[in-house]
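# Remarks on the overall topology
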Amino acid sequence: MRPNIWAFLMYRNLAFVRLNFSGNLRYREITPRTTGQSERFDMANKRRKWIVSKTKKLAALLMALLLTAGAGCSVPDGGDPGGDAPIQTQKQVEPTPTPTPEPPEETLDPEAAEAVKYNVYVQMNNKIVDVLDTLYSYYEVVEYADEFALIPDSEYTYKYDISGYNTDLLEDAQYVLEMDPPFEELDSLTEQILEPMRALMETFTLISHNYDYAADQYAKPKEYHKAIQANAAVFQELAFQYMDAIQVMSIQRVEAEEQEMQDEGRLLAYGFSHSITVVKKITAECAAQDVSDENIETLDLAPIRPLYQELLDTIADYKAAAEDNNQLMKESMTADGAYHIGTQIDRMASALEWMIKQVESGRPIEDPGREYLGGLIHVSVVLSDCIDLYNSSIAS
């Protein structure tokens, strides 16, 4: 049974945040695979650090102010700031130790708290995409079975595409899920996915650091496999639910965000954001038609063509704005930075142009598990590159 990954080809977007430590993040998507693991990986169903670092700085600052104020107003033991108490002349009186005050709880207004919480959930979504992709890589080499066994005809070796993970983000998520306002479905999904996600991330880290994995007839990999096998199915099911929930929340947010960009005359930010939004609509239409690289030639282009033209128009408007020095200054963007963004959104247009040509040819893709010009996998890869660039440039 093949996981229906294309059903989740939607962008995860973050609304505009009026905080100096947050930004307009975009969520990423899972790059679909259609061979290897997907045929064998049969399943029944289908930043606390950065937040805490901010609040710790705030708490430390407030505590320093409290201690400074206390030192400035302190008087000898038994003294009276009114001046009537006797002055000690024979020996220095040791001041009574002042208990260190507990760091004050961070207080965010409701809008800021919601933005912070959503920001972490978007990052969770992006990390879920990474872990899910690593999980698929694992099962391209290892059989999906209770007992550890390598796939005899796999073209890859053990540890293929496996990398270690930092789990600090899971602490972020645990922290914010208890914050107001409640996000109900996402709060519940976050709480449920933390344990299997942590188990997988920690196990993949162990695998990535094991350079003698074949010793003792794969003794260590057999150990690792137990943890992966025990959590793979539930993680995938919750991962897809999580991506769906983020999608629902993001649609309204991104519309409001882009409208605000237009209202404020932020034409470069809008052009980059909306080009991503349009490609989202195209991949969503492909998913709605149940089209992947395995049957790309069956795609109905009628609803795709006007969206493709909208993308071209959006890119043209972006490039016109990028030539205006006043606009660059207004949005604090360099000419080189604006040009680089332009080349990347051009890549999305080119990927879609190749896809349209592939469909018009009427020919199927010969090896749909690979990244081909003309395939939806290629569109997805280019799309993820643009999302990463958006998160590191516009969102920052």
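My aim in this report is to walk through the structure given alongside it, one point at a time. Since we're looking at a predicted model, the values are computed, not measured.

A word on the overall build of the chain. When helices and strands are counted, the chain shows eleven helices and two strands. Taken from N to C terminus, the helices and strands of the chain fall in the order β-β-α-α-α-α-α-α-α-α-α-α-α. Counting the 396 residues in the chain, one finds 47% classified as buried. Split by element, the accessible area of the chain, about 19900 Å² in all, is 51% carbon and sulfur.

By size, the foremost hydrophobic cluster in this structure holds 47 residues, and its most contacted members are Met 124, Leu 135, Tyr 138, Met 197, Phe 204 and Phe 235. The set of elements that each furnish at least two residues to this core consists of α3 (110–138), α4 (168–176), α5 (185–208) and α6 (215–263). In contact with Met 197, not counting residues within four places along its chain, are Met 124, Lys 127, Ile 128, Val 131, Leu 170 and Phe 235. Core analysis: the second largest hydrophobic core is formed by 44 residues, Ala 321, Met 333, Ala 349 and Val 382 among them.

Before going further, it helps to examine α3. Under the 1.5 Å per step criterion, the end-to-end length of α3 is 42 Å for 29 residues, consistent within 8% with the ideal 42 Å. The element α3 is extensively covered by neighbouring structure, given that 23 of its 29 residues are classed as buried.

Now for the pattern of salt bridges. According to the stated counting rule, one finds ten salt bridges in the structure shown. For Arg 198, the salt bridge goes to Glu 171, with nearest N and O atoms at 2.8 Å. Of this pair, Arg 198 sits in helix α5 while Glu 171 sits in helix α4, and the two are 27 residues apart along the sequence. For Glu 171, a relative accessible area of 34% puts it in the partly exposed group. Of the charged contacts, one joins Arg 305 and Glu 360 as a salt bridge, the two residues approaching to 2.9 Å between their closest N and O atoms. In this pair, Arg 305 sits in helix α8 (residues 304–322) while Glu 360 sits in helix α10 (residues 335–361), placing the two residues 55 residues apart along the sequence. Judged by relative accessible area, Arg 305 falls into the partly exposed class, the value being 41%. Salt bridges sharing common partners tie together Glu 155, Asp 367 and Arg 370.

Attention now goes to the packing of α3 against α5. Two measures define how a pair of helices packs: the angle their axes make with one another and the distance between the axes. Packing of α3 against α5 brings their axes to within 10 Å, and their N-to-C directions diverge by 45°. In terms of orientation, α3 and α5 fall into the oblique class. Between α3 and α5 lies a crossing of left-handed hand. The segment α3 lies against α5, with Lys 117, Tyr 121, Met 124, Lys 127, Ile 128, Val 131, Thr 134, Leu 135 and Tyr 138 engaging Leu 186, Asp 187, Thr 190, Ile 193, Leu 194, Met 197, Leu 200, Met 201, Phe 204 and Ile 207. When the residues that make up the contact of α3 with α5 are grouped by side-chain class, the tally is 14 nonpolar, two polar and three charged.

This brings us to the environment of Leu 206. Relative to the elements of secondary structure, Leu 206 occurs in helix α5. Of the residues examined, Leu 206 reaches a relative accessible area of 46% and is grouped as partly exposed. For Leu 206 and Gly 164, which are 42 residues apart along the polypeptide, the C-alpha to C-alpha distance reads 7.3 Å.

Take the packing of aromatic side chains next. What the rule picks out here adds up to 14 aromatic pairs. An angle of 55° between the planes, with centres 6.3 Å apart, marks the rings of Tyr 138 and Phe 204 as tilted. Residue Tyr 138 is found in helix α3, and its partner Phe 204 is found in helix α5; the two are separated by 66 residues along the sequence. For Tyr 138, a relative accessible area of 2% translates into the label buried. Their ring planes at 70° and their centres at 5.1 Å tell us that Tyr 139 and Tyr 144 sit as a pair that is edge-to-face. Here a set of aromatic residues connected by ring pairs shows up, and it is made of Tyr 138, Tyr 139, Tyr 144, Phe 148, Tyr 158, Phe 204, Tyr 213 and Tyr 218. Over the aromatic face of Tyr 118 sits the side chain of Arg 253, whose NZ or CZ is 4.0 Å from the ring centroid. Geometry around Trp 354 places Lys 357 over its ring, the cationic atom sitting 5.5 Å from the centre.

Running from N to C, α3 and α6 point in directions that differ by 140°, and their axes come no closer than 9 Å. What the angle tells us is that α3 and α6 run oblique. Where α3 crosses over α6, the two elements pack in a sense that is left-handed. Counted by class, the contact of α3 with α6 contains 20 nonpolar, four polar and two charged residues.

Rules used in this analysis
Residues numbered from 1 in each chain as written. Predicted model: local features only at pLDDT ≥ 70, side-chain atom pairs only at ≥ 80, totals over all residues. Heavy atoms only, no water. Helix = DSSP H or I, 4+ residues; strand = E, 2+ residues; numbered from the N terminus. Buried < 20%, exposed > 50% of the residue type's maximum accessible area, 1.4 Å probe, protein only. Areas by Shrake-Rupley, 256 points an atom, 1.4 Å probe, with all protein chains shown as cover. Core = buried A, V, L, I, M, F, W, Y, C linked by side-chain atoms within 4.5 Å. Contact = heavy atoms within 4.5 Å. Expected span 1.5 Å × (residues − 1). Salt bridge = Lys/Arg side-chain N within 4 Å of Asp/Glu carboxyl O. Axes fitted to C-alpha atoms, helices over the stretch in contact; angles between N-to-C directions. Parallel < 35°, antiparallel > 145°, perpendicular 65-115°, else oblique. Left-handed = near helix turned anticlockwise from the far one by under 90°. Nonpolar A, V, L, I, M, F, W, Y, C, P; charged D, E, K, R; others polar. Phe/Tyr/Trp six-rings, centres within 6.5 Å; stacked < 30°, edge-to-face > 60°. Lys NZ or Arg CZ within 6 Å of the ring centre and 35° of its normal.

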